[in-house]
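# Structural description and commentary
Residue strings, one per chain:
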Amino acid sequence: MTRYILQRLGYMIITMFLIATFTFFLMKFLPGTPLSAADKLSEEQQAVVLEKYGLNDPVPVQYFNYMVNLTQGDLGISFQFDNREVTTIILERIGPSMTLGFQAMVIGTILGMLLGLISAIYHNGFLDYGSTFIAVVGKSIPSFVFAGILQYFVGVKLGWFPVALWEGWEYTVLPTVALAIFPIAIAARFMRTEMLEVLGSDYITTARAKGVNKFGVVFKHGLRNALIPLITVLGPLAIGLMTGTLVIENIFAVPGIGEQFVKAINTNDFPIIMGTTLLIAFLFIFIILVIDLLYGVIDPRIRLAEGE
Amino acid sequence: MENHKPSKDLFVPVERTDNDSEKINRPSLSFWQDSFIRLRKNVGAMIGLFVLIALGVMAIFGPYMNSYGEFEQDLSRAKMPPKVEGLGWLGMDGTLSSVQTADTLEKAEQKAYMRFNNQEEFITLQTLNDGSNGQPAEVEAEYDVYAAKGMEDQSFWFGTDGLGRDLWTRTWMGTRISLYIALLAATIDMIIGVAYGGISAYYGGRVDNYMQRIIEILVGIPNLVIVILMILILEPGILSITIALTITGWISMARIVRGQVLKLKNQEFVLASRTLGSKDNRILRKHLVPNVLGLIIINTMFTIPAAIFFEAFLSFIGLGLPTPIASLGTLIDDGFKSLQIYPHILLFPAIVISLIMIAFNVLADGLRDAFDPKMRE
Amino acid sequence: MDKLLDVKNLHVSFDTYGGEVKAVRGVNFDLKKGETLAIVGESGSGKSVTTKALMQLIPKPPGRIKEGEILFEGRDLAKMNEKQMQKIRGKEISMIFQDPMTSLNPTMKVGNQIMEGLIKHQKMNKSQARKRVVELLDLVGIPDPENRMKQYPHQFSGGMRQRVVVAIALACNPKLLIADEPTTALDVTIQAQILELMKDIQKKTDSATIFITHDLGVVANVADRVAVMYAGKIVEIGTVDDIFYNPKHPYTWGLLGSMPSLDSADEELYAIPGSPPDLLDPPKGDAFAARNEYALQIDLEQEPPMFKVSDTHYAATWLLHEHAPDIEPPASIKKRMEGMANTSSESKGERV
Ligand SMILES: Nc1ncnc2c1ncn2[C@@H]1O[C@H](COP(=O)(O)OP(=O)(O)O)[C@@H](O)[C@H]1O
Ligand SMILES: [Mg+2]
């Protein structure tokens, strides 16, 4: 197990290193510089600016400095808000993004699991078709379309919740719901498939042969076995949510990382773009790693396989 | 027993013809026939297929069904609501409406007129609540935009956008572009994935080993990150978006193909044709590809909606196609800018993209079930 | 002795995508208290479906009991609802399944899996149940039961898991134990151990047993009577001696011929040609006719009824009809029959 974790960490570091290197050289060759964002400056002023960003050093030195800074969590200085560190900007903005992502994840997976469970128990019944329909629609329709529907009908027409900004919990409702649809759909489909498979397995027949009733079969024997594989979809779900927040934050004007990111793209603020990209990459890889490890810890069968 | 005294003549040994024992086998349908029959029974998948065909036809012919051009701007007809003769009951009657509330009925009416620039002759008011019951007065104003602009002879079926461009034409042009990008990306993914996975598995050993290491590193990089970085390098455009989508898109295909080929590689019929001296690529073509084709089709059916989603997604984060090109993504992004007052600008492209996504997903699910050997009796 | 179980004209079908699969097509047999009946037949012949139907463990849908009675101590199990069946399952009838690797819940401790039935049927509290689990594990030959009961199934080997499955089945002292190919999925050496265990348990408890196998070799050791199944029907049923030393059905001949025996080590093993019929669309007449080298013309047209060979021995083949030509069984079977002096040499039966 320890060896496995170390191996996975190794892969993670290599991947991050490659992405960081790629990002650095990309920045070097992209057209934008801090100067393009600023007003016309005299040559003297320009030299000062370039000095400040360390752009006068030879490229290998810049690369080295960049990497060293990265390991210390320093993502450079924004072109746009002069003098502000990218790391600080990101940290300021991570709160709303995390809140949205976390709420959507928790609400989404729980509701989705319930829906999937109902589907499996009433297999091929009316409830099954209903929840399968919800799942297909929820998986297919992009979150930004849901955001539009919610914003217009629930926000504008019904006026139940504010349509934009971030000034209290009620502001989180619409963006959270828009984001949660995807995890609901994925969790429901996955839960249904897993539960049906579990309910068709031999040990369920064994349990029934013991005289266990339907409730016991589903909840005592079935649920736990169906839940374990569900962990594997949490990774893709988290990734889907991160992708989703990038657009949802813009639609609902939530002051999160995604909104900042899009602003940065529109103003060619490369340090912020790259910083955010690196952060996203890191979170992606980290989440997948954690989930893989979690899976190994929770499932006794896998724990054994690794131990052997 | 229906016959108590069977005739004596029947008690003689059976004369056997050679292929008697073969007869007990049920006439077996070929894999494709069987799958197709199963697909046809799947109502959802068939509806999905039908919707896709209909949308495809509209993407090809829709833009030519009226005389407005995709890029034809005219600010005097900006943000016209949708109007289709005969579909007034659906709300597509070329009017805008607004509900205004105020303390008194008079004030509410005033506000309602003001909402549409006091062009009283084109406004019909309807009192929802005259304010006598203690609650605020409510008035609904309906404003005939086409009449107010003297355009009664025209109809923009899906309305117009902020620059006065016809949204019918743009929606179908946008559908065309989005489908084009998605199909192109899916095709490239398929070609690269099949070639990579097939070669990796078929030659095995060192080749396979190196090729798999490369994949392992590539999958570690989130495709969102790759797509964003690629677009930053390449500058947004149809081709660059397609390329960005394919850079990581082929990997899942390669893995699936590799897995299948590995599984099939050691099966008898391949070994048999190997010993009979077939050339390597002939075996690959004649035996392996048909066997993995089902999986390839299913996987492609899932990559197409994913590509459509990503195209729209890129528009949202400012990395989409440059103006004035219409794609479903740019249209939806545009629609959000005036969602609160002119929801129709968002409505139609949003419906189209949703239909495409649902239809592809349902069809892909149907195909997966149809090809699934577990379902075969 | 009283009949414990009397199965009459049992029909079980599955409604599948391709149509109705008639998996069991009119099965009759009975079982006395303490008796062991072996059901043999190729895989797919309906052995598992028959026995699962006894406990109403057929997945519904697609499966259903179409017709027939399952009289267990006089009560018809086929007519019972789920609630009533839950009181029978595990308490009066219990089942041992084929594959110990999949028949235990992987995420539940072994002890808890055994305790479940005890708590449910015998209303034991936890500590009583725990005591009984230790006894049971001891009975099935699992060493160190106090510790083993706290482990998960994956910490057990295949043979040990099957012992756990046996313990689960025995927990409430059932009147009828059904063992569905309990050794098939195991290594040869382990197979012998589990068989030993089964015999041992038969001695220690007074449960009647239905022992399913596709391997006639194990039958002689464990069973009192044998039923041979083919394509959803019992084609021959009798005592072990009847079936081994005086078989009447060509299918039984085939099964016996494909069984390795000590004195025929040099002979080539016989294999029944062809494959079982498609139960979606069973053939007219005798289902075995297409594979039967002794088939008569009538086999292609009419289904053979059961013929009575002796009080204990019945077989469904037209060869027992009075008009049937005298047909010599294959040499190896004849050798068996000669080895057994007291069997009747009568080659014709009495129709029932
Ligand atoms: N769930 C099911 N759906 C459809 N057919 C089934 C199902 N279970 C069993 N059958 C059919 O019933 C027949 C008998 O199966 P079974 O009793 O398992 O045979 P065996 O004698 O090997 O135990 C087989 O032909 C099989 O195809
Ligand atoms: Mg079986």
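Predicted, not measured: the structure shown is a model, and the values here were computed from it.

In this structure, the second largest pocket encloses a volume near 1,000 Å³. Looking at the second largest pocket, it is lined by 35 residues, and the ones nearest its centre are Tyr152(A), Lys157(A), Ile341(B), Pro343(B) and His344(B). Taken together, the elements giving at least two residues each to the lining of the second largest pocket come down to helix 7 (143–157) of chain A together with strand 1 (95–102), strand 3 (137–144) and helix 12 (344–371) of chain B. Counting residues per element, the lining of the second largest pocket draws most heavily on helix 12 of chain B, at nine residues. Here the lining of the second largest pocket is composed, by residue class, of 22 nonpolar, eight polar and five charged.

This brings us to the confidence of the model for chain B. Residue and element names in this part refer to chain B. In the predicted model, chain B carries a mean pLDDT of 78, and 81% of its residues have values of at least 70. Mean pLDDT across the elements of chain B ranges from a minimum in helix 9 (residues 268–275), with 64, to a maximum in helix 5 (residues 167–203), with 90. Note on residues 20–26: pLDDT under 50 across the span, and seven contacts to partners over four residues away in sequence or across chains. Reported confidence for the predicted complex is 0.85 by ipTM and 0.80 by pTM.

Now for the pairing of strand 6 (residues 93–96) of chain C. All names here are of chain C. Residues Ile93 and Met95 line one face of strand 6 and the alternating positions Ser94 and Ile96 line the opposite face, and both faces are buried. Note that strand 6 and strand 7 (residues 176–180) share four bridges and pair parallel. By the bridge assignment for strand 7, serine 94 is matched with leucine 177.

Here the focus is the domain arrangement of chain A. Residues and elements named next belong to chain A. Under the domain assignment, chain A is made up of domain 1 (2–71) and domain 2 (93–298). Each of domain 1 and domain 2 was reduced to a C-alpha centroid, and the two centroids are 34 Å apart. Counting residues at the interface gives 16 residues for domain 1, matched by 12 residues for domain 2. Between domain 1 and domain 2, the buried area comes to about 1,400 Å², and carbon and sulfur atoms account for 86% of it. Put simply, domain 1 and domain 2 have zero salt bridges between them.

Attention now moves to the interface of chain C and chain A. The figure often quoted for interface size is the accessible area lost as the parts come together. Taken together, the 27 residues of chain C in the interface contact 19 residues of chain A. Surface buried jointly by chain C and chain A totals about 2,000 Å² across both partners, of which 57% is contributed by carbon and sulfur atoms. Contact with chain A buries surface across chain C, with Thr107(C), Glu116(C) and His154(C) losing the most and accounting together for 28% of the total. On inspection of chain C and its partner chain A, the count reaches two salt bridges. The shortest N-O distance in the salt bridge between Lys220(A) and Glu116(C) comes to 3.4 Å.

Right, let's talk about the sheet that holds strand 10 (residues 233–239) of chain C for a bit. All names here are of chain C. The nine strands lie next to each other as 6-7-8-3-9-10-12-11-13, forming an open sheet whose pairing is mixed. Of all strands in the sheet, those with a lone pairing partner are strand 6 and strand 13 (350–351), marking the two edges. Docked against the sheet, helix 6 (residues 158–170) engages strand 6 and strand 7, running at close to 175 degrees with respect to strand 6.

Where a protein is soluble and globular, its nonpolar side chains tend to be buried together. Counting 154 residues, the largest nonpolar core has Phe144(A), Ile308(B), Phe313(B), Ile317(B) and Ile353(B) as its most contacted members. For Ile308(B), the contacting residues outside a window of four places in its chain are Ser178(B), Leu179(B), Ala182(B), Ile353(B), Ile356(B), Met357(B) and Phe360(B). The next biggest cluster of nonpolar side chains, apart from the first, holds 112 residues, and it includes Met80(C), Ala171(C), Val240(C) and Trp253(C).

Moving on to the pattern of salt bridges. Two side chains bearing opposite charge may form a pair once their charged atoms approach each other closely. On inspection of all chains with the given rule, the structure shows 29 salt bridges over all chains. In this structure, the salt-bridge partner of Arg368(B) is Asp365(B), at a minimum N-O distance of 2.9 Å. Highlighted residues: Arg368(B) and Asp365(B), both in helix 12, separated by three residues, approximately one helical turn. Counted as one network, the salt bridges with shared partners bring together Lys3(C), Asp6(C), Asp30(C), Glu35(C) and Arg225(C).

Listed per partner, the contact involves 38 residues of chain A and 35 residues of chain B. Interface of chain A and chain B: buried area, both sides summed, is about 3,200 Å²; carbon and sulfur atoms make up 80% of it. Linking chain A to chain B there are one salt bridge. As a salt-bridge pair, Arg189(A) and Asp365(B) come within 3.0 Å of each other at their nearest N and O atoms. Elements with a minimum of two residues in the side of chain A that touches chain B: helix 1 (2–29), helix 6 (126–140), helix 7, helix 10 (214–251), helix 11 (257–266) and helix 12 (270–298) of chain A.

Cut-offs applied
Residues numbered from 1 in each chain as written. Chains lettered and ligands numbered in written order. Predicted model: local features only at pLDDT ≥ 70, side-chain atom pairs only at ≥ 80, totals over all residues. Heavy atoms only, no water. 1 Å grid on protein atoms, 1.4 Å probe; cavity = no way out; pocket = protein on both sides within 12 Å on 5 of 7 lines; lining within 4 Å. Points joined across faces, edges and corners; volume = space filled by probe spheres on them. Helix = DSSP H or I, 4+ residues; strand = E, 2+ residues; numbered from the N terminus. Nonpolar A, V, L, I, M, F, W, Y, C, P; charged D, E, K, R; others polar. pLDDT = per-residue confidence, 0-100. Contact = heavy atoms within 4.5 Å. Buried < 20%, exposed > 50% of the residue type's maximum accessible area, 1.4 Å probe, protein only. Pairing = 2+ DSSP bridges. Domains from an automatic or database assignment. Buried area = accessible area lost by both parts, 1.4 Å probe. Salt bridge = Lys/Arg side-chain N within 4 Å of Asp/Glu carboxyl O. Axes fitted to C-alpha atoms, helices over the stretch in contact; angles between N-to-C directions. Core = buried A, V, L, I, M, F, W, Y, C linked by side-chain atoms within 4.5 Å.

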